[in-house]
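Chain residues, written in single-letter form:
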Amino acid sequence: MKKFLLTAAVAFGALTVAVSGAQAQAKYTFALVPKNMNNPFFDQARDGCKKAEAESNGEFECMYIGPGEHGGGDEQVQIVQDLVAKKVDGIAVAPANAAAMAVALQAAKDAGIPVLTWDSDVLPENKDLRLAYIGTYNYDIGTNLAKIAMTIKPKGGTVCIQSGGAAAANHNERMQGIRDTLSGVKSAASPGDRLTGQNGWTEIEGCPLYTNDDFPLSVQQFEDIMAKNPTLDAF
């Protein structure tokens, strides 16, 4: 997680390079758009962005703006569209809904506004709408989680996967990594094929669970699932 303290600084450095050929101006305005603004994980990126702003000697303003809650991504798409209308100099966004975000990013591209994605990327077919993606290898995160589960339960068992947003590309890539590794079969696309006994692993009824980054909800979901499935092998 500490690596994300540097995300904003790296992102906006890249965006500055992207617009450096433009006519010099007093200050660039770059927007950092998280999935939601009530998640301490994204606070780290905000702090990195503000740190880079302070070190820029007034060259750019870091505008940190996003939905109050994770939601389905519609509010975040509207925020990006508004930023395009305001003609900001660059945008870095963590798409909550990868498919829906493509419309806003197409508008940004048409307006000549450089875009980076961070934490979560766009869909593979929309990668031409952004300059780069800054984040983790999400599929590998899922793979490593599954390997740990397999070490503890080598014969397989029942499992429930809890994720954040159903339309978030990074969350779905992690789920695909879990499912592919537990099943031993590579699925065609994220979030992977549901486990129905492959390699000894079965996803229980009612799962996967989606929290939309609502921490109290995530705890309640866990408590409810464990109450109904006290012999669950992996969560």
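The structure displayed is predicted, hence computed values, not measured ones. (Residues numbered from 1 in each chain as written. Predicted model: local features only at pLDDT ≥ 70, side-chain atom pairs only at ≥ 80, totals over all residues. Heavy atoms only, no water.)

Draft legend 1. Highlighting unusual backbone geometry. Cis rather than trans, the peptide bond between Ser-190 and Pro-191 has omega equal to 10°. Along the chain, Pro-191 falls in the loop between helix H6 (169-183) and strand E8 (201-203). Backbone torsion omega between Cys-207 and Pro-208 reads 10°, so that peptide bond is classified as cis. Of note, Pro-208 is situated in the loop between E8 and strand E9 (209-210). One non-glycine residue, Asn-57, lies in the positive phi region at around 55°. Checked against the element boundaries, Asn-57 lands in the loop between helix H2 (40-55) and strand E2 (60-64). By relative accessible area, Asn-57 is classed as exposed at 72%. Here Asp-213, not a glycine, exhibits a phi torsion of approximately 60°, which is positive. (Helix = DSSP H or I, 4+ residues; strand = E, 2+ residues; numbered from the N terminus. Buried < 20%, exposed > 50% of the residue type's maximum accessible area, 1.4 Å probe, protein only.)

Draft legend 2. Examining the nonpolar core more closely. Counting 19 residues, the largest nonpolar core has Val-33, Val-80, Leu-83, Ile-91, Val-93, Met-101 and Leu-105 as the members making the most contacts within it. Those elements that provide at least two residues to this core are strand E1 (28-33), helix H3 (74-85), strand E3 (90-93) and helix H4 (98-110). Excluding residues within four positions of it along the chain, Leu-83 makes contact with Ala-31, Val-33, Met-63, Ile-65, Val-88 and Ile-91. One finds Ala-52, Tyr-64, Ala-92 and Ala-94 within the second-largest nonpolar core, a separate group that totals 15 residues. (Core = buried A, V, L, I, M, F, W, Y, C linked by side-chain atoms within 4.5 Å. Contact = heavy atoms within 4.5 Å.)

Draft legend 3. Region of the structure containing the packing of aromatic side chains. Here the structure, examined in full by the defined rule, presents 5 aromatic pairs. When the centroid spacing of 5.3 Å and the interplanar angle of 70° are considered together, the rings of Phe-41 and Phe-42 count as edge-to-face. When sorted by exposure, Phe-41 lands in the same class as Phe-42, which is buried. By way of ring pairs, the aromatic residues Tyr-28, Phe-30 and Phe-60 are connected into one cluster. (Phe/Tyr/Trp six-rings, centres within 6.5 Å; stacked < 30°, edge-to-face > 60°.)

Draft legend 4. A look at the state of the cysteines. This model, assessed by the stated rule, comprises 2 disulfides. With its sulfur 1.8 Å from that of its partner, Cys-49 forms a disulfide with Cys-62. Taking the sign of the torsion about the S-S bond as the criterion, the disulfide between Cys-49 and Cys-62, at about 125°, is right-handed. Separated by 13 residues along the polypeptide, Cys-49 in helix H2 and Cys-62 in strand E2 bring together distant segments of the chain. You can call Cys-49 buried: its relative accessible area is 0%. A sulfur-sulfur separation of 2.0 Å characterises the disulfide bridge that pairs Cys-160 with Cys-207. Around the S-S axis, the bridge from Cys-160 to Cys-207 shows a dihedral of about -90° and counts as left-handed. Within this pair, whereas Cys-160 is found in the loop between strand E6 (157-159) and strand E7 (162-163), its partner Cys-207 is found in the loop between E8 and E9, the two being separated by 47 residues in sequence. If one numbers only the bonded cysteines of the chain, in the order they occur, the disulfide pattern is 1-2, 3-4. (Disulfide = S-S within 2.5 Å.)

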